[in-house]
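Below are the chains, spelled out letter by letter.
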Amino acid sequence: GKLLAIQAAVMDLTGGGDENLKPAEATLREIVLEGISSSLFLFAEDGDCLFANNAAAELTGTSVEELIKQNYHYLLSWRKSGLYAAVNRAMAGEASELVVHSLSTAGKRVDSLVECVPLKRGAEPLVLIVASDVSDPVMLVRIMPPSVNRIRLPDRPAIDRKSVV
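Residues numbered from 1 in each chain as written. Predicted model: local features only at pLDDT ≥ 70, side-chain atom pairs only at ≥ 80, totals over all residues. Heavy atoms only, no water.

(A) Layout of the nonpolar core. In terms of nonpolar packing, the biggest core is built from 26 residues, with W78, C116 and I129 touching the most fellow members. Within the residue set of this core, elements represented by two or more residues are β1 (39–44), β2 (49–52), α2 (54–60), α3 (64–69), α5 (83–91), β3 (96–103), β4 (109–121) and β5 (124–133). Broken down by element, the residue count for this core peaks at 6 residues, all from α5. In this view, I129 contacts S39, L40, F41, F43, W78, V87, V114, E115 and C116; residues no more than four positions away in its chain are not counted. (Core = buried A, V, L, I, M, F, W, Y, C linked by side-chain atoms within 4.5 Å. Buried < 20%, exposed > 50% of the residue type's maximum accessible area, 1.4 Å probe, protein only. Helix = DSSP H or I, 4+ residues; strand = E, 2+ residues; numbered from the N terminus. Contact = heavy atoms within 4.5 Å.)

(B) Structural view of the pairing of β3. For β3, a buried count of 6 out of 8 residues is recorded, marking the element as mostly surrounded by other parts of the structure. Strand direction decides the pairing type here: β3 and β4, joined by 8 bridges, are antiparallel. Counted as the bridge partner of S96 is C116 from β4. (Pairing = 2+ DSSP bridges.)

(C) View of the packing of aromatic side chains. Applying the stated criterion across every chain yields a total of 5 aromatic pairs. On the basis of an interplanar angle of 75° and a centroid distance of 5.2 Å, the ring pair of F43 and W78 is categorised as edge-to-face. You can see F43 sitting in strand β1 and its partner W78 sitting in helix α4 (residues 76–81), a full 35 residues away along the chain. With 5.6 Å between their ring centres and 50° between their planes, Y72 and Y84 make a pair best called tilted. Taken as a pair, Y72 in the loop between α3 and α4 and Y84 in helix α5 lie far apart in primary sequence, 12 residues in all. Chaining the aromatic ring pairs together yields one cluster made of F41, F43, Y72, W78 and Y84. Directly above the ring of Y84 sits R79, whose terminal nitrogen or CZ lies 3.9 Å from the centroid. (Phe/Tyr/Trp six-rings, centres within 6.5 Å; stacked < 30°, edge-to-face > 60°. Lys NZ or Arg CZ within 6 Å of the ring centre and 35° of its normal.)

(D) Up close: the pairing of β2. As paired elements, β1 and β2 share 3 bridges and run antiparallel to each other. If you follow F43 over to β2, its bridge partner there is C49. If you look at the hairpin formed by β1 and β2, you'll find 4 residues sitting between the two strands, and G47 has a positive phi there, around 100°.

Below you can see the structure in the form of structure tokens.
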């Protein structure tokens, strides 16, 4: 019943200092960040996208290169969906989770469960966005009878009727 050890791994998602990484460390970073099924985005306080993985590009219907060019302060879909306010709260240190229903800048209908995680790089606030596609359970909630308030599919987060517009 005793805690014997705690292990943690810290990885710089911003890409800073890559030139000092050993080849094995750089490969590990690529495997971890690109191999994960969740969509990852990292934003600076000025709105610049510092990192996005392939899953993020697939979720939004665009390329990683296009995501890196975006500034969240100028994304109308984020303002309409509530994501803009959630990211700003995370920049202030408050984590949040929300279901976002929007049309991406690339024109793709996106239903996603989004977690906004506040981070720091020195004194600079950053926000890590972890998003999962929840289109299937959202669609099911929309067509289910009113008596069904929540649905959960295997390997997917639960979706409440009140979060589906």
